[in-house]
Amino acid sequence: MNKNDHDGIWVFAEQRNAELHEVTLELLGKARGLAGQNQGKVTAIILGQGIKPLAQTLLNYGADSVLVADNPVLDPYRLIPYSLVFEKLIKEYHPEILLMGATFMGVELAPRVAARVRTGLSAHCVDLKLDKDGKLLQVVPGWGGGVIATIACPDHRPQMATVMPGTMKPLSPEERKGEIKEIEINLPDKDLGPKVLEIKREKAEGLPLEKAEVVVAGGWGVGSREDWKQVEELAGVLGGAVGTTRPPVDEGWAEEGQMIGQSGKTVRPKLYMGIGISGVMHHVVGMDQSEHIITINSDANAEIFETSDVIVVEDFRKILPKLIQKIRERVER
Amino acid sequence: MNRIIVCMKPVPDPQHWNKVSMDHETQTLKREGIPTIINPLDKHALEAALSIRDAHGGEVLLLSMAPPFVTPTLREGLAMGADRAILLSDPVFAGSDTLATAHILAAGCRWIGEFDLVLCGNMTIDGSTAQVGSQLAELLDLPSVMHVIDLHRKEDHLLRITQKIEHGYVRLEAELPLVISVRKELNKPRYTPFTGILAAESKEINMLSNEELHIDTGLIGLEGSPTKMAGLELRRFKREKERVEGSPEEIVQVLVDKIHRYGII
Ligand SMILES: Cc1cc2nc3c(=O)[nH]c(=O)nc-3n(C[C@H](O)[C@H](O)[C@H](O)COP(=O)(O)OP(=O)(O)OC[C@H]3O[C@@H](n4cnc5c(N)ncnc54)[C@H](O)[C@@H]3O)c2cc1C
């Protein structure tokens with residue numbers, strides 16, 4: 001698609017079971033910021049069934065208007081119907097920018113939509129900016145995060161990007177007014193791709209990693225399932241969440257959903273503590289935007305120290321039990 | 001199933017990524033001397049293809065867009081058990097973004113002709129965009145499923161697929177032909193048997209250029225790619241790096257004070 005007469009920033013409001021994915025609110029916050037710079041309008045696009053009540057939430061978090069496609073054929077999510085709806089909307093409204101979360105759904109849907117309307121797409125962005133001409137600059141990590149590339153899409157519209165959950169901040173919601181517009185959907189009833197037989201989801205337990213103010217992450221250096229409990233305990237007394245590198249997941253001390261880094265989550269808590277972590281780029285890209293970083297590693301040359309504010313060169317076993325006790329005394333006082 | 005295509009990308013071995021440097025003049029990465037390996041997830045895709053073929057017969061084809069020097073890496077895939085390989089290689093392909101790459105791979109699939117299933121790794125370890133599988137499917141006008149962690153044949157033209165999502169999974173039933181992108185949970189790639197290495201020597205690697213594929217050059221290469229590189233930098237970190245020393249008690253005291261100052265306790 002060519003670039004003339006395009007306007008507005010679109011955010012895909014991802015939901016399952018009429019529950020918005022967190023990244024939607026983060027994207028609205030960012031889109032609002034970008035639109036402010038450029039006097040553009042922010043439009044949220046929501047697809048599904050029984051989802052109209054969510055439209056007001058989207059306005060409250062920064063959308064100027066919401067396009068709602070409420071139709072049984074759009075529930076649950078299926079790739080082909082969703083791509084067809086996006087194609088129709090893009091061809092009708094000509095958005096300048098279209099943002100989606102780099103979630104399981106977004107990562108599958110965005111490329112299909114981009115290919116369908118023949119435009120550019122950048123993946124897993126960690127930042128978005130506008131250049132002086134109002135073009136979208138998409139900041140993406142590559143090569144395990146060791147390289148940061150800035151991508152532009154100069155001649156095709158919409159400019160599309162998927163954004164890593166947890167990298168952008170939602171606005172605090174306020175009661176806002178805006179247009180909520182329902183769209184007619186007429187999809188063929190065949191050739192809509194695979195049939196959904198079953199969806200199984202467990203309730204997420206505890207504090208989601210991306211939302212925690214404190215993340216205590218452990219690595220291979222923690223050494224055993226037994227000592228992993230110290231990492232959990234420290235996170236507990238700090239009211240934080242437990243994060244991990246790859247090896248503890250492989251060992252079964254931690255869950256895959258707790259992994260931070262290139263193939264895991266991106267976190268930017270107020271405080272990140274790293275215990276027995278070497279600081280390989282794959283991990284560091286997921287935590288280096290934390291506000292404060294404290295790391296404990298017995299190797300004085302550990303690479304993680306390059307990304308640390310406070311460095312402790314010690315066996316963590318000598319530090320953690322005392323630290324846990326001291327903090328516990330303090331918070332209970 | 002008669003024919004399965006496995007998209008395979010030779011990627012720079014991550015063991016050697018610290019040797020990557022940047023050419024500031026051309027704004028490109030210098031990767032000289034870095035050996036290539038099969039993109040790890042593509043091995044899982046190949047394993048899935050091989051086990052379907054071993055159970056039901058048919059043929060497994062490797063399809064790759066890369067410079068000619070990667071043929072040894074394709075031979076590794078042939079040694080694992082693929083029947084033959086097709087390498088799409090032409091200077092006009094250089095600089096392709098994901099959409100342009102998908103156009104080239106789609107042309108490769110069309111050149112092959114009939115097929116029942118295309119398998120890809122969910123993402124590559126170098127670019128990590130995870131975009132090519134879905135885009136290839138779109139350009140072939142076929143359905144597609146990503147994040148696949150389980151896969152089996154129900155009937156001749158029907159697959160049962162499990163797709164991972166946040167905190168759970170979706171079970172799908174899909175008709176062939178189809179494009180599937182897989183995660184590592186799907187299977188454990190087999191070890192290459194020694195006989196496989198020998199057999200691979202005589203397997204065919206068919207090299208095709210755009211002379212054979214006839215792709216509109218406006219759709220491929222640097223020129224045809226909708227996305228453009230606007231900047232590239234190696235990552236640098238700026239942090240205070242204050243080292244705390246002393247006895248464990250002293251260290252703990254400093255840490256507690258810091259955490260207090262951050263406003264957490
Ligand atoms: C394509 C790809 C993607 C990847 N994605 C990710 C990702 O998203 N996230 C991720 O984390 N990893 C990822 N990895 C793995 C990554 O490359 C590293 O292997 C991993 O991050 C290393 O984890 P680690 O620091 O815990 O272990 P190690 O590198 O083994 O480091 C252990 C550290 O513990 C220290 N130590 C040992 N004993 C003690 C002690 N008693 N007290 C204090 N310190 C001690 C050691 O000095 C050492 O520095 C990926 C790899 C690949 C190839």
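Just so it is clear, the model here is predicted, and its values are computed rather than measured. (Residues numbered from 1 in each chain as written. Chains lettered and ligands numbered in written order. Predicted model: local features only at pLDDT ≥ 70, side-chain atom pairs only at ≥ 80, totals over all residues. Heavy atoms only, no water.)

Peer 1: So what exactly am I meant to see when it comes to the overall build of chain A here?
Peer 2: Scanning chain A from N- to C-terminus turns up eight helices and 18 strands. Taking 20 Å as the expected radius of gyration for a compact globule of 333 residues, we find that chain A reaches 22 Å, a close match to that expectation. Here the C-alpha coordinates of chain A stretch approximately 65 × 45 × 40 Å along the principal axes. In chain A, buried positions account for 59% of the 333 residues. (Helix = DSSP H or I, 4+ residues; strand = E, 2+ residues; numbered from the N terminus. Rg over C-alpha atoms; globule rule 2.2 N^0.38 Å. Buried < 20%, exposed > 50% of the residue type's maximum accessible area, 1.4 Å probe, protein only.)

Peer 1: Any chance you could explain the overall build of chain B here in plain terms?
Peer 2: Looking only at helices and strands, one finds eight helices and 15 strands in chain B. With respect to the three principal axes, the spread of C-alpha positions in chain B is 70 × 45 × 40 Å. Expressed as a percentage of the 265 residues in chain B, the buried residues total 55%. Contacts in chain B between residues at least 24 apart in sequence constitute 71% of all its contacts with a sequence separation of at least 6. Split by element, the accessible area of chain B, about 12,000 Å² in all, is 51% carbon and sulfur. Computed over 29 positive and 37 negative side-chain charges, the separation of the two mean positions in chain B equals 5 Å. (Contact = heavy atoms within 4.5 Å. Areas by Shrake-Rupley, 256 points an atom, 1.4 Å probe, with all protein chains shown as cover. Lys, Arg positive; Asp, Glu negative; His and termini not counted. Charge placed at Lys NZ, Arg CZ, Asp CG, Glu CD.)

Peer 1: Would you explain the nonpolar core in this entry?
Peer 2: A general trend in soluble globular proteins is that nonpolar side chains are found buried together. Counting residues in hydrophobic clusters, the biggest one holds 39 residues, and the most contacted among them are Leu46, Leu117, Leu119, Leu151, Ile161 and Ile180 of chain B. Among the elements that line this core, the one with the most residues is helix H1 (residues 40-56) of chain B, at six residues. Excluding residues within four positions of it along the chain, Ile161 of chain B makes contact with Val145, Val148, Asp150, Leu151, Val170, Arg171, Leu172, Ala174, Leu178 and Ile180 of chain B. Counting 38 residues, the second-largest nonpolar core is a separate cluster that includes Val23, Val42 and Leu128 of chain A together with Leu232 of chain B. (Core = buried A, V, L, I, M, F, W, Y, C linked by side-chain atoms within 4.5 Å.)

Peer 1: Hey, could you run me through the pattern of salt bridges in this one?
Peer 2: Close approach of charged atoms allows side chains of opposite charge to pair. For the structure on display, the rule yields 39 salt bridges over all chains. The salt bridge involving Asp191 of chain A is made with Lys190 of chain A; its shortest N-O contact spans 3.6 Å. A salt bridge links Glu233 of chain A to Arg328 of chain A; its shortest N-O distance comes to 3.4 Å. Here Glu233 of chain A is found in helix H5 (residues 225-237), whereas its partner Arg328 of chain A is found in helix H8 (residues 316-332), with 95 residues between them in sequence. By relative accessible area, Arg328 of chain A is classed as partly exposed at 32%. Through salt bridges with shared partners, a single ionic network connects Glu87, Lys91, Arg112 and Arg116 of chain A together with Glu138 of chain B. (Salt bridge = Lys/Arg side-chain N within 4 Å of Asp/Glu carboxyl O.)

Peer 1: I would appreciate a short explanation of the domain arrangement of chain A in the present structure.
Peer 2: When the parts come together, some accessible area is lost, and that loss is often what is quoted as the size of the interface. Residue and element names in this part refer to chain A. Structurally, chain A comprises domain 1 (3-182) and domain 2 (209-332). Once you take the C-alpha centre of each, domain 1 and domain 2 turn out to be 32 Å apart. Contacts between domain 1 and domain 2 engage eleven residues on the former and ten residues on the latter. Across the domain 1 to domain 2 interface the summed buried area is about 860 Å²; carbon plus sulfur atoms make up 51%. Viewed at the interface, domain 2 and domain 1 are joined by one salt bridge. (Domains from an automatic or database assignment. Buried area = accessible area lost by both parts, 1.4 Å probe.)

Peer 1: I tried to follow the sheet that holds strand E10 (residues 147-152) of chain A on my own but got confused; where do I start?
Peer 2: Note on sheets: strands pair through backbone hydrogen bonds, and any given pair is parallel or antiparallel. As summarised here, the arrangement of the four strands in space is E8(A)-E9(A)-E10(A)-E14(B), forming an open sheet in which the pairing is antiparallel. Here the strands that pair on one side only, and so sit at the sheet edges, are strand E8 (127-130) of chain A together with strand E14 (228-234) of chain B. When the angles between neighbouring strand axes are averaged without regard to direction, this sheet yields 25°. Here strand E9 (residues 136-142) of chain A pairs with E10 of chain A via five bridges, running antiparallel. The partner of Pro141 of chain A across the bridge, within E10 of chain A, is Ile148 of chain A. Docked against the sheet, helix H1 (residues 22-38) of chain A engages E8 and E9 of chain A, running at close to 10° with respect to E8 of chain A. (Pairing = 2+ DSSP bridges. Axes fitted to C-alpha atoms, helices over the stretch in contact; angles between N-to-C directions.)

Peer 1: What is the right way to look at the interface of chain A and chain B in this model?
Peer 2: Of the residues lining the interface, 84 residues belong to chain A; the matching set on chain B comes to 72 residues. Across the chain A/chain B interface, buried area totals approximately 7,200 Å², and carbon plus sulfur atoms make up 61% of it. At the junction of chain A with chain B, the criterion picks out eight salt bridges. The residue Arg239 of chain B makes a salt bridge to Asp309 of chain A at a minimum N-O spacing of 2.8 Å. Here the residues of the side of chain A that touches chain B are counted per class, giving 42 nonpolar, 20 polar and 22 charged. (Nonpolar A, V, L, I, M, F, W, Y, C, P; charged D, E, K, R; others polar.)

Peer 1: Whenever I open this one, the site of the ligand confuses me. Can you help?
Peer 2: Neighbouring the ligand are 26 residues, the closest being Trp220, Thr245, Ser263, Ser278 and Asn297 of chain A. Mapping the residues near the ligand onto chains gives chains A and B. The backbone of Gln262 of chain A places a nitrogen or oxygen atom 3.0 Å from an oxygen atom of the ligand. A distance of 2.9 Å separates a nitrogen atom of the ligand from a polar side-chain atom of Asp315 of chain A. The fraction of the free accessible surface of the ligand (990 Å²) that becomes covered by protein chains is 78%. Residue classes in the shell around the ligand are distributed as eight nonpolar, 13 polar and five charged. (Near = heavy atom within 4 Å. Polar contact = N/O pair within 3.5 Å; in protein donor to acceptor, adjacent residues only side chain to side chain.)

Peer 1: Just to check I follow, could you spell out the pairing of strand E11 (residues 168-175) of chain B for this structure?
Peer 2: Remark: a regular strand shows side chains that alternate across the two faces of the sheet. With six bridges joining them, strand E13 (residues 195-201) of chain A and E11 of chain B adopt antiparallel strand pairing. For Lys195 of chain A, the partnering residue across the bridge sits in E11 of chain B and is Glu173 of chain B. Across eight bridges, strand E10 (residues 158-165) of chain B lies against E11 of chain B in antiparallel orientation. Of the residues in E11 of chain B, the one forming a bridge with Leu158 of chain B is Glu175 of chain B.

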